[in-house]
Amino acid sequence: MSNKKVILVVMDGIGISVTHLGDAVTEANTPTLDRLKKECPYTTLKAHGSAVGLPTDDDMGNSEVGHNALGCGQIYSQGAKLVNESIESGKMFASETWNELVNNVKTKSSTLHFIGLLSDGNVHSNISHLKKMIAKAKEQGAAKVRVHVLLDGRDVPATSAPIYIEDLEKCMAELNDATFDAKIASGGGRMKVTMDRYQADWDMVKLGWETHVKGEGRQFANALEAVETLRNETGAIDQDLPAFVIAENGAPVGKIVDGDSVVLFNFRGDRAIELSMAFDGGDEFTYFDRGAKPDVIYAGMLEYDGDLHIPNKYLVNPPEIKDTMSEVLEKAGLKSYAVSETQKYGHVTYFWNGNRSEKFASEVWKEIPSDKVSFDQRPWMKSAEITDDLIEAIKSEKYDFIRCNFPNGDMVGHTGSMDATIIGVESVDLGLTRLLKVAEEYGYTVLITADHGNADEMLEKNKKGEINVRTAHSLNRVPFYIVSKDKYEIKDADSEKYGLANVAPTVLKIFGIEAPACWEDSMI
Ligand SMILES: O=C(O)[C@@H](CO)OP(=O)(O)O
Ligand SMILES: [Mn+2]
Ligand SMILES: [Mn+2]
């Protein structure tokens, strides 16, 4: 067994800016990161596009694909790419689930509903998938479609919702005729309604159920009017807009009722699991009162949780991630510890282990409850508590490998507040300062990296050359530091040849464990 001990710190959303446009990472006072960059083996990693299994290098990285790659040392084709392929090859429309959904509404003359994130962010969903499914449903004889739109502004520009609403409405207008009727039925901002994750706030899902299923809520004549009115009244950016219902003559146009079919067209799992539980769950579901639950056929775009089999029905098989680092460490007899706060807890456990919700026997997982606020109001988040917990884990001398995620750069970065994000980055640096001291004392090698950028690019230039607030992740590279009393040298550190999938092989190299043949190369 190895006598080495390793800690891997993921500084979520802390990338390296090229433009320095709204670069909260450089603006922040980060004495520890600055010192490490001068003193330690250091390189940068590619964290987007092909390096993490996304369709193109125009696709920014995200936590799901980033933590998958960090945790498995391999590059798998991810949801965005798998759904594209399934639609292009026709496999999706030949699937049993798709045909069941469509035949159900044909035989019952009922409605096919789509619920999901309306953008081309390609992190949770892509509007192009939605449009193709609606067109196919018409071609196959469905008569009525209703779409429940979750407004993004977090993976795409902050107030871009009208662009996607207009795009969808144009597509539906072209399809609508005497035999076919498609409309938007309800919606709301993704951080207010339906897309909660890791059970941080079930009230969001309850509100989604009331809005999409029961058609309860403030009524508007159409989605553009809803966005415009709610934006004027609240000043909120898209992700935070309140829920709305589209109605005609006082009646919601698209309640979900007995006999309907429902597709959640998001492909990413974390924010799709809770709504799926509400649709699939029987009487044992007690997270909120669903009232009389309609008898529908429900399917997700992907299987969102392969261990718990959520949802029951889905359209595309998720990537089958094998030979994860946790599995390799378990086989080698090493003990692992994982910690983050609620908002990133599943990232460092579920995504880390290749979308596996059950832990290995050799692992201990710890969740620190997140605040339920917009994180510009608490930019330090739980960085101090995560650090305290890490220090306790180190001092327990129980673990060979400790991993953690500091969410600040990402979660505060998504709010668009530069001032708050600077504080978020500084909080991470302070956490590192405290952590490194104890890690050194106990003989741990500490690897520090990030899963993608965000805080490094808080502003962006649009096509007209105007500068706007950026709430989305960046496409920038991320840092990789080795802090150790042992001498390690990163091969070709100045090149740009490494990506997130090179981290796990480097960890195994430090432990002196042979990596599976399918893994990428170690950097040392
Ligand atoms: O908040 C989220 O769901 C995504 C952005 O869509 O961020 P991350 O990938 O960092 O979790
Ligand atoms: Mn992330
Ligand atoms: Mn993010």
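The name recorded for the protein chain in an unreviewed UniProt entry is 2,3-bisphosphoglycerate-independent phosphoglycerate mutase, from Ruminococcus albus SY3. Quoted verbatim from the Sequence similarities (unreviewed entry) field of the UniProt record, the comment on the protein chain reads "Belongs to the BPG-independent phosphoglycerate mutase family." Database annotation for the protein chain, UniProt heading Function (unreviewed entry): "Catalyzes the interconversion of 2-phosphoglycerate and 3-phosphoglycerate."

K.L.:
Lay out the pattern of salt bridges with the relevant residues and their values.
P.N.:
With the rule as written, the count across this model stands at 31 salt bridges. The salt bridge involving K366 is made with D389; its shortest N-O contact spans 2.7 Å. Taken together, the residues span a long stretch of sequence, with K366 in strand 13 (residues 363-368) and D389 in helix 14 (residues 383-396) at a distance of 23 residues. Residue D389 is classed as buried on the basis of its relative accessible area, which comes to 7%. With its nearest N and O atoms 2.5 Å apart, the salt bridge here joins D492 to K497. According to the relative accessible area criterion, D492 is partly exposed, its value standing at 45%.

K.L.:
How would you sum up the UniProt feature "domain: BPG-independent PGAM N-terminal" (unreviewed entry) in the protein chain? Please name residues and give values.
P.N.:
In the numbering used here, UniProt assigns the "domain: BPG-independent PGAM N-terminal" (unreviewed entry) feature to residues 83-305. Secondary structure across residues 83-305 divides into 38% helix and 19% strand, with the first and last C-alpha atoms of the span separated by 16 Å.

K.L.:
Break down the coordination of the manganese ion (ligand 3) for me, citing the residues and quoting the values.
P.N.:
D410 (OD), D410 (OD), H414 (NE2) and H473 (NE2) make up the full set of protein donors to the manganese ion (ligand 3), lying at 2.1 to 2.3 Å. Geometry at the manganese ion (ligand 3) is irregular, judged from its 6 donor atoms and the angles of 57 to 170 degrees they form at the metal. Sequence positions of the residues that donate to the manganese ion (ligand 3) give the spacing D-x3-H-x58-H.

K.L.:
I'd like a rundown of the coordination of the manganese ion (ligand 2), residues and numbers included.
P.N.:
For the manganese ion (ligand 2), the full set of protein donor atoms is D12 (OD), S63 (OG), D451 (OD) and H452 (NE2), and the range of their distances to it is 1.9 to 2.1 Å. A separation of 4.4 Å is found between the manganese ion (ligand 2) and the manganese ion (ligand 3). By relative accessible area, H452 is classed as buried at 1%.

K.L.:
Let's hear about the pairing of strand 9 (residues 261-264): which residues, and what values?
P.N.:
Side chains of strand 9 alternate between two faces, with S261 and V263 and V262 and L264 buried alike. Where strand 3 (residues 112-118) meets strand 9, 4 bridges bridge the pair, whose relative direction is parallel. Residue pairing in the sheet places F114 in a bridge with V263 of strand 9. Once the chain exits strand 9 it traverses helix 11 (residues 273-280) before rejoining the sheet at strand 10 (residues 297-302), and the crossover so formed is right-handed.

K.L.:
Outline the site of ligand 1, supporting the account with residue identities and numerical values.
P.N.:
Inspection of the region around ligand 1 gives 17 residues, with S63, H124, D155, R197 and R271 positioned closest. Between ligand 1 and R154, the relevant distance is 3.0 Å, taken from an oxygen atom to a side-chain nitrogen or oxygen of the residue. Between ligand 1 and R197, the relevant distance is 2.8 Å, taken from an oxygen atom to a side-chain nitrogen or oxygen of the residue. Counting atoms within 2 Å of the grid points, the majority share of ligand 1 lands in the largest cavity. When grouped by side-chain class, the residues that make up the shell around ligand 1 number 1 nonpolar, 7 polar and 9 charged.

K.L.:
I'd love a proper account of the sheet that holds strand 12 (residues 336-341), names of residues and values included.
P.N.:
Strand order in the open sheet formed by 7 strands is 2-18-15-1-14-12-13, and the pairing between neighbours is mixed. Where the open sheet ends on each side, the last strands, each with one partner, are strand 2 (42-45) and strand 13. On average, adjacent strands in this sheet sit at an angle of 15 degrees to one another, irrespective of strand direction. Pairing analysis gives 4 bridges linking strand 2 to strand 18 (residues 478-483), with the strands arranged antiparallel. Directly across from Y42, in strand 18, lies its bridge partner Y481. Lying over the sheet, helix 2 (residues 31-39) contacts strand 1 (5-11), strand 2, strand 15 (444-449) and strand 18, oriented at roughly 75 degrees with respect to strand 18. Lying over the sheet, helix 16 (residues 418-441) contacts strand 1, strand 14 (401-406), strand 15 and strand 18, oriented at roughly 180 degrees with respect to strand 1.

K.L.:
So what's going on with the layout of surface pockets? Which residues, and what values?
P.N.:
Size it by volume and the largest pocket reaches roughly 710 Å³. Lining the largest pocket we find 24 residues, and of these V156, P157, Y164, E460 and K463 sit closest to its centre. Breaking the lining of the largest pocket down by element, the ones donating at least two residues are helix 8 (161-175), strand 16 (459-461) and strand 17 (467-469). In the lining of the largest pocket, the residues fall into 9 nonpolar, 6 polar and 9 charged. Composition of the lining of the largest pocket by domain shows at least three residues from each of domain 1 (5-77 + 334-511) and domain 2 (80-316). Here the second largest pocket is characterised by a volume of approximately 550 Å³. What lines the second largest pocket is a set of 24 residues, and nearest its centre among them are M191, D240, V373, S374 and F375. Of the residues assigned to the lining of the second largest pocket, the class counts are 8 nonpolar, 7 polar and 9 charged. Looking at which domains feed residues into the lining of the second largest pocket, each of domain 1 (5-77 + 334-511) and domain 2 (80-316) gives three or more.

K.L.:
Tell me what's going on with the UniProt feature "binding site: substrate" (unreviewed entry) in the protein chain, and back it up with residues and numbers.
P.N.:
What UniProt calls "binding site: substrate" (unreviewed entry) maps, in this numbering, to H124, R154, D155, R190, R197, R268, G269, D270, R271 and K344. Checking the annotated residues one by one, the ones that line the largest cavity turn out to be H124, R154, D155, R190, R197, R268, R271 and K344. Accessibility expressed as a relative area gives 2% for R190, which makes it buried. Beyond its immediate sequence surroundings of up to four residues, R190 is in contact with L117, H124, L151, D152, R154, D155, M195, M204, D238, Q239 and R271. A polar contact is formed between the side chain of R190 and the side chain of D152, at a distance of 3.0 Å.

K.L.:
Pulling in residues and values, what's your account of the pairing of strand 15?
P.N.:
Counting buried residues in strand 15 gives 6 out of 6 residues, a clear majority hidden from the surface. With burial as the criterion, each face of strand 15 is covered, one bearing Y444, V446 and I448 and the other bearing T445, L447 and T449. Note that strand 1 and strand 15 share 6 bridges and pair parallel. Across the sheet, L8 pairs through a bridge with L447, a residue of strand 15. Inspection of the sheet shows strand 15 paired to strand 18 by 3 bridges, in the antiparallel sense. The residue bridging I448 from the neighbouring strand is Y481, located in strand 18.

How each quantity is defined
Residues numbered from 1 in each chain as written. Chains lettered and ligands numbered in written order. Predicted model: local features only at pLDDT ≥ 70, side-chain atom pairs only at ≥ 80, totals over all residues. Heavy atoms only, no water. UniProt positions renumbered as here; feature names shortened; annotations may be inferred. Salt bridge = Lys/Arg side-chain N within 4 Å of Asp/Glu carboxyl O. Helix = DSSP H or I, 4+ residues; strand = E, 2+ residues; numbered from the N terminus. Buried < 20%, exposed > 50% of the residue type's maximum accessible area, 1.4 Å probe, protein only. Donors = N, O, S within 2.8 Å, 3.2 Å for Na, K, Ca; no water. Tetrahedral: all angles 85-135°; square planar, octahedral: opposite > 155°, others 65-115°. Pairing = 2+ DSSP bridges. Right-handed = clockwise from strand over helix to strand, strands pointing away. Near = heavy atom within 4 Å. Polar contact = N/O pair within 3.5 Å; in protein donor to acceptor, adjacent residues only side chain to side chain. 1 Å grid on protein atoms, 1.4 Å probe; cavity = no way out; pocket = protein on both sides within 12 Å on 5 of 7 lines; lining within 4 Å. Sits in = over half its atoms within 2 Å of the grid points. Nonpolar A, V, L, I, M, F, W, Y, C, P; charged D, E, K, R; others polar. Axes fitted to C-alpha atoms, helices over the stretch in contact; angles between N-to-C directions. Contact = heavy atoms within 4.5 Å. Points joined across faces, edges and corners; volume = space filled by probe spheres on them. Domains from an automatic or database assignment.

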